[in-house]
Amino acid sequence: MSSSALSSTTPLIVEAVEVHKSFGPLDVLKGINLTVRKGEVVCLLGPSGSGKSTFLRCINHLERMTSGRILVDGQLIGYHQHAGVLHEMSGKELALQRRDIGMVFQRFNLFAHQDVLTNISQAPILNRGKTRDEARARARELLKMVDLEGREQSYPYQLSGGQQQRVAIARALAMDPKLMLFDEPTSALDPELVGEVLAVMRKLASGGMTMIVVTHELSFAREVADRVMFMDQGVVVEEGPAREVLDNPRQERTQAFLRRMH
Ligand code: ADP
Ligand code: MG
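Treat the numbers as computed from the prediction; the structure is a model and nothing was measured.

Novice: For the overall build of the protein chain, give the residues involved together with the corresponding values.
Specialist: From N to C terminus, the protein chain includes nine helices and twelve strands. Computed over C-alpha atoms, the radius of gyration of the protein chain comes to 18 Å, within 12% of the 18 Å expected from 2.2 N^0.38 for 262 residues, which places it in the range of a compact globule. With the principal axes as the frame, the protein chain shows a C-alpha extent of 50 × 50 × 40 Å. For the protein chain, the residues scored as buried account for 51% of the 262 residues in total. For the protein chain, the proportion of contacts with a sequence separation of at least 24, taken over those separated by at least 6, is 64%. Split by element, the accessible area of the protein chain, about 12,300 Å² in all, is 48% carbon and sulfur. A gap of 3 Å separates the mean positions of the 32 positive and 31 negative side-chain charges of the protein chain.

Structure (structure tokens):
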């Protein structure tokens, strides 16, 4: 979606407010704020160690924030609030929330002992109440979408990294998520396989999926992202429309980072 198509009436899918996270004495996130509206694509850039993965993991409560709050589609993530006090959700409740948030990692994390169709269709059967036939029919559609028609019976070891990552994306989509989080989805791939994964992500974005993407692929960010957020040392240094931030960064730290990337 282009930024101009967004208005203040477009629903907010992510509202992260003053997110802090520390590991012991190490302050990794120092008050991150981010709002993402339905259909928006936000690319998160920043040097290694700046807290990008930690922030993504806070969004689905894989990591417990130290303070702050995150809402996804209006629901507080990880906690119930009673009389102003936050109580952490049970594992079961967390699992229900996470069904709506797809996540794709640098390492594809497919189930090695299952074929592609089973990898994609299993969670919707177990956690969305779909019948086996429904889930497998949907998995076939998704395989077509990620350009892997005909690979239903393959096992992960029979696929290239790029193909495995496309299966991982299809698997996440099979749960009909409201939001997709990508953590450096192409960083573990051989360079010649990066394009096929980005092509699928581009397709998803133009289909209206709401996405937060941690990436070092600047041309992808420039073309596909509505907004770019640049983080360094646990703070948001600069945020704005993708082209503005990438072509005309205002902050010295953003400029230095982008120079190093070219
Ligand atoms: P990025 O994804 O931007 O490279 P990360 O979010 O992975 O950064 O890490 C940010 C900082 O938090 C790093 O200094 C990292 O070592 C530290 N960190 C991440 N996870 C843990 C953990 N579980 N325990 C201790 N330190 C961690
Ligand atoms: Mg990371």
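Novice: If you had to explain unusual backbone geometry to someone new, which residues and values would you point to?
Specialist: Of note, D176 is a non-glycine position whose phi angle comes to about 50 degrees, a positive value. Here D176 is to be found in the loop between α5 (161-173) and β9 (179-183). In this structure, Q233 takes a positive phi of about 50 degrees despite not being glycine. With respect to the helices and strands, the residue Q233 is situated in the loop between β11 (227-232) and β12 (235-241).

Novice: Which residues make up the nonpolar core, and what values do they have?
Specialist: It is characteristic of soluble globular proteins that their nonpolar side chains tend to be buried jointly. One finds I120, I169, M180, F182, M201, M211 and V228 to be the most contacted residues of the largest nonpolar core, which totals 49 residues. For this core, the leading source of residues is helix α6 (residues 191-206), giving eight residues. With sequence-adjacent residues up to four places away left out, I120 is seen in contact with A139, L142, L143, V167, A170, R171 and A174. Of all hydrophobic cores here, the second largest spans 30 residues; its members include L44, L179, V214 and M229.

Novice: Explain the sheet that holds β11 residue by residue, including any values.
Specialist: Here we have six strands laid out as an open sheet, ordered β8-β9-β10-β3-β11-β12, and mixed in their pairing. Each end of this open sheet is capped by a strand with a single partner; those strands are β8 (101-104) and β12. Across the sheet, the mean angle from the axis of one strand to that of its neighbour is 15 degrees, orientation sign disregarded. Across the sheet, α6 lies against β3 (41-45), β9 and β10 (211-214), angled at about 155 degrees from β10, the strand it touches most.

Novice: Describe the sheet that holds strand β2 (residues 26-37), and please don't skip the residues or the numbers.
Specialist: Overall, antiparallel pairing links the four strands, which are arranged β2-β1-β4-β5 in an open sheet. Edge positions in the open sheet fall to β2 and β5 (75-76), since each of these has one partner strand only. As judged from the two bridges shared by strand β4 (residues 67-72) and β5, these two strands associate in the antiparallel manner. Within β5, the position partnered with L71 by the bridge is L76. Set on the sheet, helix α1 (residues 52-59) makes contact with β1 (12-23), β2 and β4; between it and β2 the angle comes to about 60 degrees.

Novice: With reference to specific residues and values, describe the packing of helix α3 (residues 116-127) against α5.
Specialist: Look at α3 against α5: their axes get within 8 Å of each other, and the N-to-C directions meet at 25 degrees. In terms of orientation, α3 lies roughly parallel with respect to α5. Viewed along their axes, α3 and α5 form a crossing whose handedness is right-handed. Along the contact surface, α3 presents V116, N119 and I120, while α5 presents V167, A170 and R171. Across the contact of α3 with α5, the residue classes break down as four nonpolar, one polar and one charged.

Rules used throughout
- Note that residues are indexed from 1 along each chain, following the sequence as it is written.
- Throughout, the order in which chains and ligands are written sets their labels, letters from A for the former and numbers from 1 for the latter.
- The predicted nature of this model means local features are confined to residues of pLDDT at least 70 and side-chain atom pairs, given and counted, to a pLDDT of 80 or more, with totals for whole chains, interfaces and linings taken over all residues.
- In computing side-chain properties, one takes all heavy atoms of the structure into account and sets aside hydrogens as well as water.
- Going along the chain from the N terminus, every DSSP run of H or I of four or more residues is numbered as a helix, and every run of E of two or more is numbered as a strand.
- Here the radius of gyration uses the C-alpha set of atoms, whereas the globule reference equals 2.2 Å times the residue count to the power 0.38.
- Only protein chains enter the accessibility calculation, which uses a 1.4 Å probe; a residue whose area is less than 20% of its type maximum is buried, one above 50% is exposed, and one in between is partly exposed.
- It only takes one pair of heavy atoms within 4.5 Å for two residues to be counted as in contact.
- Calculation of accessible area relied on Shrake-Rupley with a 1.4 Å probe; when residues are assessed, cover is drawn exclusively from the protein chains displayed.
- The charge count includes Lys and Arg as positive and Asp and Glu as negative, but it does not include His or the ends of the chains.
- Where a charge lies is defined by one atom per residue type: Lys uses NZ, Arg uses CZ, Asp uses CG and Glu uses CD.
- Residues belong to one nonpolar core when they are buried, are Ala, Val, Leu, Ile, Met, Phe, Trp, Tyr or Cys, and are joined through side-chain atoms within 4.5 Å.
- One requirement defines pairing of two strands: DSSP has to find at least two bridges between them.
- The convention used is that axes are lines fitted to C-alpha atoms, helices contributing only their stretch in contact, and that angles between N-to-C directions extend from 0 to 180 degrees.
- When describing relative orientation, an angle under 35 degrees is termed roughly parallel and one over 145 degrees roughly antiparallel, while 65 to 115 degrees is termed roughly perpendicular and anything else oblique.
- Crossing chirality is assigned from the near helix's rotation relative to the far helix, an anticlockwise turn below a right angle marking it left-handed and a clockwise turn marking it right-handed.
- Think of it as three bins: nonpolar holds Ala, Val, Leu, Ile, Met, Phe, Trp, Tyr, Cys and Pro, charged holds Asp, Glu, Lys and Arg, and polar takes everything else, Gly as well.

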